[in-house]
Amino acid sequence: MEGSDQRAGRLILGLETSCDETAAAVVTQDGRILSNIVSSQAELHARFGGVVPEVASRRHLELVVPVLREALAEADWKLEDLDAVAVTQGPGLVGALLVGLSAAKAVAWANGLPLIPVNHLHGHVASLYLQPEPVEPPFLCLLASGGHTVLIDVPEHGAFRVLGTTLDDAAGEAFDKGARLLGLGYPGGAAIDRLAGEGNPDAYDFPVARVPGLDFSFSGVKTALLYAVRDLSDPELERRRTDLAASYQRAIVRALVAHEAAEQTGAPRIAVVGGVAANSELRAALPEAAFAPLPLCTDNAAMIASAARYAEAVPCPSYLALDAYASG
Ligand code: KG4
Ligand code: ZN
């Protein structure tokens, strides 16, 4: 057991099962990560080329208890030491969310703890608030992940106002669909990122959507890649793959940073979170921005516990009535 100074802050257990990562973490009230366990199902879904909701739910069921145990063991705390349980309530795959929510209710109820339901998008933003280098609001937050691409005004911890969103695909989805067209497997963002480093980003002139206001669009660039690939024989595709990856990534990154000028008006700072925040070209394109630490870009439970520090706890046993939500 850790020294008594650790008890000074509340201990929050976080659970995240909104998509294809089963994750549990223990975080202190002052934002220190004591453990952060993520079990990715990506390999399981790779052969289907994307996440299969029913397969994801079943795998979460198998993994949620071992992952939770590992998070407690690594933090060196027991269930009875916890002060609150935080869990992603939505948005996400409802069947997947229900596994985490049910587990969280069971743990909270068995230990007489409050439960803190967390919005997954608030979780991504709160990945910035963790130690050792927390980013303090106000800032404008670009959240780019497999499920979402939104521009958010964050005036203070826990506050959140969506200014713009994608009109079609999310940026991560565009990366994943592009990777599939290039024969790179699922999920493809990191693979395109790697390959793009070896290619010429000017080889193809893929379109960057001009969207009014602060919204985004990625369906045009995806279609452009489809047409480019369709015209190539297999050996030609093999030869041009790095150039295609580099040009495609360049177009997505340009679309993501298109609002940068507008973002800067009145906003002291830009922050970037979500799986696509791991992209090396995006990180280079916004040198002044605050980026979530790499291990906290993709889905994890430390960010959920972090968001819970600024959210309302539901007392025992009222939370037993909470339901998961798919969108919103
Ligand atoms: O935040 P996340 O784990 O899940 C959602 O909440 O959706 O994001 C996953 C997404 C996937 O689409 C993946 O391809 C993308 O993040 N991604 C990347 C990189 N690493 C992960 N996209 C571009 N470059 C990367 N290095
Ligand atoms: Zn996410």
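Report follows, based on the coordinates.

About the cut-offs
Residues numbered from 1 in each chain as written. Chains lettered and ligands numbered in written order. Predicted model: local features only at pLDDT ≥ 70, side-chain atom pairs only at ≥ 80, totals over all residues. Heavy atoms only, no water. Near = heavy atom within 4 Å. Polar contact = N/O pair within 3.5 Å; in protein donor to acceptor, adjacent residues only side chain to side chain. Areas by Shrake-Rupley, 256 points an atom, 1.4 Å probe, with all protein chains shown as cover. Helix = DSSP H or I, 4+ residues; strand = E, 2+ residues; numbered from the N terminus. Nonpolar A, V, L, I, M, F, W, Y, C, P; charged D, E, K, R; others polar. Core = buried A, V, L, I, M, F, W, Y, C linked by side-chain atoms within 4.5 Å. Buried < 20%, exposed > 50% of the residue type's maximum accessible area, 1.4 Å probe, protein only. Domains from an automatic or database assignment. Contact = heavy atoms within 4.5 Å. Pairing = 2+ DSSP bridges. Axes fitted to C-alpha atoms, helices over the stretch in contact; angles between N-to-C directions.

1. Overview of the site of ligand 1
Taken together, 19 residues surround ligand 1, and among them Gly146, Gly147, Asp176, Asp193 and Asp299 come closest. Within the contact set of ligand 1, an oxygen atom lies 2.6 Å away from a side-chain nitrogen or oxygen of aspartate 176. In this structure, glycine 275 approaches ligand 1 through a main-chain N or O atom, which is 3.1 Å from an oxygen atom. Calculation on ligand 1 without its partners gives an accessible area of 560 Å², and the protein chains cover 88% of this total. Only α4 (120-126), α5 (171-181) and α6 (189-196) provide two or more residues apiece to the shell around ligand 1. Grouping the amino acids of the shell around ligand 1 by side-chain chemistry returns 5 nonpolar, 11 polar and 3 charged.

2. Things to note about the nonpolar core
Phe206 and Leu244 are the most contacted members of the largest nonpolar core, which has 72 residues in total. Tallying contributions element by element places helix α8 (residues 234-257) first for this core, with 10 residues. Here this core spans two domains, and each of domain 1 (4-130 + 297-321) and domain 2 (139-292) adds at least three residues to it.

3. What to know about the environment of alanine 324
You can see alanine 324 is positioned in the segment after α11 (302-308). According to the relative accessible area criterion, alanine 324 is buried, its value standing at 14%. The residues contacting alanine 324, other than those within four sequence positions of it, are Gln89, Val94, Leu97, Leu98 and Leu101.

4. Focus on the side chain of histidine 124
Mapped onto the fold, histidine 124 is located in helix α4. Residue contacts for histidine 124: discarding those within four places in its chain leaves Leu143, Ser145, Val273, Gly274, Cys297, Asp299 and Met303.

5. Regarding the sheet that holds strand β1 (residues 11-16)
On the basis of which strands lie adjacent, the open sheet formed by 5 strands has the order β3-β2-β1-β4-β5 and mixed pairing. Two strands in the sheet have a free side with no partner beyond their single neighbour: β3 (33-40) and β5 (115-119). Within the sheet, the average angular offset between the axes of one strand and its neighbour, ignoring direction, is 20°. Direction of pairing for strand β2 (residues 21-28) relative to β3: antiparallel, over a ladder of 7 bridges. If you follow alanine 24 over to β3, its bridge partner there is isoleucine 37. Running at roughly 25° to β2, helix α2 (residues 53-75) makes contact with β1, β2 and β3 of the sheet. The sheet strands contacting helix α3 (residues 94-110) are β1, β4 (84-90) and β5, and the helix crosses β4 at an angle near 160°.

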